Amino acid sequence: MPYGDAMNARTRSEERRAEIVRAALEVIAERGYRGASLAAVAERVGLTQQGLLHHFPTKDALLVAVLEERDKWDAVPNGNWRVDLLASLVEYNAMRPGIIQTFSALLGESVTEGHPTREYFAGRYTRVRASMVTALRTEYGDRLPSGLTPERTAPLLVAVMDGLQYQWLLDPESVDMPGAFRDFLALLGEPVD
């Protein structure tokens, strides 16, 4: 195959993969994680299930691609988070329950040995904690008002964000996820609205 044809085929394949990920996001948002089937995603993009499996060999592979796309939405330039932006991220997450449900369900399953998303989540948490350390150090220096270091606080910050998501998914009427997160930031020393 000539070089130009190979490049065009690669570009078409990448575009098709992106189209499948967008469709998977839509299906998950409409039906939730459990209700999102490969058949439904394939139908949405005009493929057979076998055709979809050519691009994503398993539902888990597709879901990891969805999570990676989700991470792109949450990204900030150069990965430089600020503590005050985290509250905005929590508010944004409250507007997309289908994606948060998918993330949370896969996160819970990933703790089992050999799960296909385990490596993704382990790597993601390493990166997120490092980003939070940087954000906390930029905001507070080497010690927060509580006396804790950014390194000791970062895992707590991430745990609060993810833990609030679980509570909110289980009882959205009782858990004000953005409000509770702002309360946590107040404990770190951020001004309260």
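Look above for the structure.
Everything in this summary refers to the structure shown in the same document. Residue indices begin from 1 for each chain and proceed along its sequence in written order. Where local features are concerned, this predicted model is filtered to residues with pLDDT of at least 70; where side-chain atom pairs are given and counted, the filter is 80 or more; whole-chain, interface and lining totals use all residues. Side-chain numbers here rest on the full set of heavy atoms in the structure, without hydrogens or water.

Things to note about the environment of Gly-179
Note the following rule: Helix numbers and strand numbers start at the N terminus; a helix is a DSSP run of H or I with at least 4 residues, a strand a run of E with at least 2. Summary of the burial criterion: residues with accessible area below 20% of their type's maximum are buried, those above 50% are exposed, and those between are partly exposed, where the area comes from a 1.4 Å probe applied to protein chains only.
Tracing the backbone through its elements, the reader meets Gly-179 in helix α9 (residues 177-188). We classify Gly-179 as buried; its relative accessible area is 10%. Distance from Gly-179 to Ala-87, taken between C-alpha atoms, is 8.7 Å for residues 92 residues apart in sequence.

Here we look at the packing of helix α5 (residues 83-93) against helix α8 (residues 150-170)
Using the following cut-off: Only the stretch in contact is used when fitting a helix axis, every axis being a line fitted to C-alpha atoms; angles between N-to-C directions are given from 0 to 180 degrees. Roughly parallel covers angles under 35 degrees, roughly antiparallel covers those over 145, roughly perpendicular covers 65 to 115, and oblique covers all other angles. By the definition used in this description, the sense in which the near helix is turned from the far one sets the handedness, with an anticlockwise turn below a right angle giving left-handed and a clockwise turn giving right-handed. Only heavy atoms matter for contacts: two residues are in contact if any of them lie within 4.5 Å across the pair.
Relative orientation of the contacting elements α5 and α8 amounts to 20°, with a least axis distance of 11 Å. Here α8 runs roughly parallel to α5, going by the angle between their axes. Classified by chirality, the crossing of α8 by α5 is right-handed. Here Leu-86, Leu-89, Val-90 and Asn-93 of α5 lie close against α8, whose contacting residues are Leu-157, Met-161, Gln-165 and Trp-168.

What about a nonpolar patch on the surface?
Keep this limit in mind: Each patch is built from residues that are more than 30% exposed by relative accessible area and take part in no salt bridge. Like charges join if they lie within 9 Å; nonpolar side chains (Val, Leu, Ile, Met, Phe, Trp, Tyr) join within 5 Å. Computed with a 1.4 Å probe, the accessible areas rest on the Shrake-Rupley method; for each residue, only the protein chains presented here act as cover. Within this document, salt bridges are pairs made up of a side-chain nitrogen of Lys or Arg and a carboxyl oxygen of Asp or Glu, the two lying within 4 Å of each other.
Together, Trp-73, Tyr-92 and Met-95 make up an exposed nonpolar region whose accessible area comes to about 330 Å². Along the chain, the position of Trp-73 falls in helix α4 (residues 59-74).

Describing α8
Note the threshold: Helix span, expected: 1.5 Å multiplied by one less than the number of residues in the helix. Comment: arc refers to directions from the helix axis out to C-beta atoms.
Over its 21 residues, α8 extends 30 Å from the first C-alpha to the last, a length consistent with the 30 Å expected when each residue adds 1.5 Å. When we look at burial in α8, the residues that qualify are Pro-150, Thr-153, Ala-154, Leu-157, Val-158, Met-161, Asp-162, Leu-164, Gln-165 and Trp-168. In a view along the axis of α8, the buried residues occupy a sector of 165°, so they form one face of it. Within α8, the exposed residues directed more than 90 degrees away from the buried face are Arg-152 and Leu-170.

A closer look at the packing of aromatic side chains
In this description, a pair of aromatic rings is defined by centroid distance and the angle of the planes. Cut-off, in case you're wondering: Side-chain rings of Phe, Tyr and Trp (the six-membered ring for Trp) are treated as a pair once their centres are within 6.5 Å; stacked means planes under 30 degrees apart, edge-to-face means over 60, and tilted covers the remaining angles. Charge-over-ring placement is defined geometrically: NZ (Lys) or CZ (Arg) within 6 Å of the ring centre, and within 35 degrees of the ring normal.
Taken as a whole and assessed by the stated rule, the structure comprises 3 aromatic pairs. Ring geometry for Phe-103 and Phe-121: centres 5.3 Å apart, planes at 70°, overall edge-to-face. Here Phe-121 lies in helix α7 (residues 118-140) and Phe-103 lies in helix α6 (residues 97-110), a separation of 18 residues in the sequence. A relative accessible area of 0% places Phe-103 in the buried class. When the ring of Tyr-120 is compared with that of Phe-121, the centres are 4.9 Å apart and the planes differ by 80°; the resulting orientation is edge-to-face. Using a relative accessible area of 2% as the deciding quantity, one classes Phe-121 as buried. Lying across the ring of Tyr-125, Arg-124 places its NZ or CZ 6.0 Å from the centre.

Comments concerning the environment of Leu-52
Residue placement: Leu-52 occurs in helix α3 (residues 49-55). For Leu-52, a relative accessible area of 0% gives the class buried. Sequence separation between Leu-52 and Ile-20 is 32 residues; the distance between their C-alpha atoms is 7.8 Å. Leave out the neighbours within four places in its chain, and Leu-52 touches Ile-20, Leu-38, Val-41, Ala-42, Leu-47 and Leu-62.

Brief notes about the packing of α7 against α8
Interaxial distance between α7 and α8 falls to 8 Å at its minimum, and their mutual angle equals 120°. Between α7 and α8, the crossing angle belongs to the class labelled oblique. α7 and α8 meet at a crossing whose hand is right-handed. Across from Tyr-125, Val-128, Arg-129, Met-132, Val-133, Leu-136 and Arg-137 in α7, the residues of α8 making contact are Pro-150, Glu-151, Thr-153, Ala-154, Pro-155, Leu-157, Val-158 and Asp-162.

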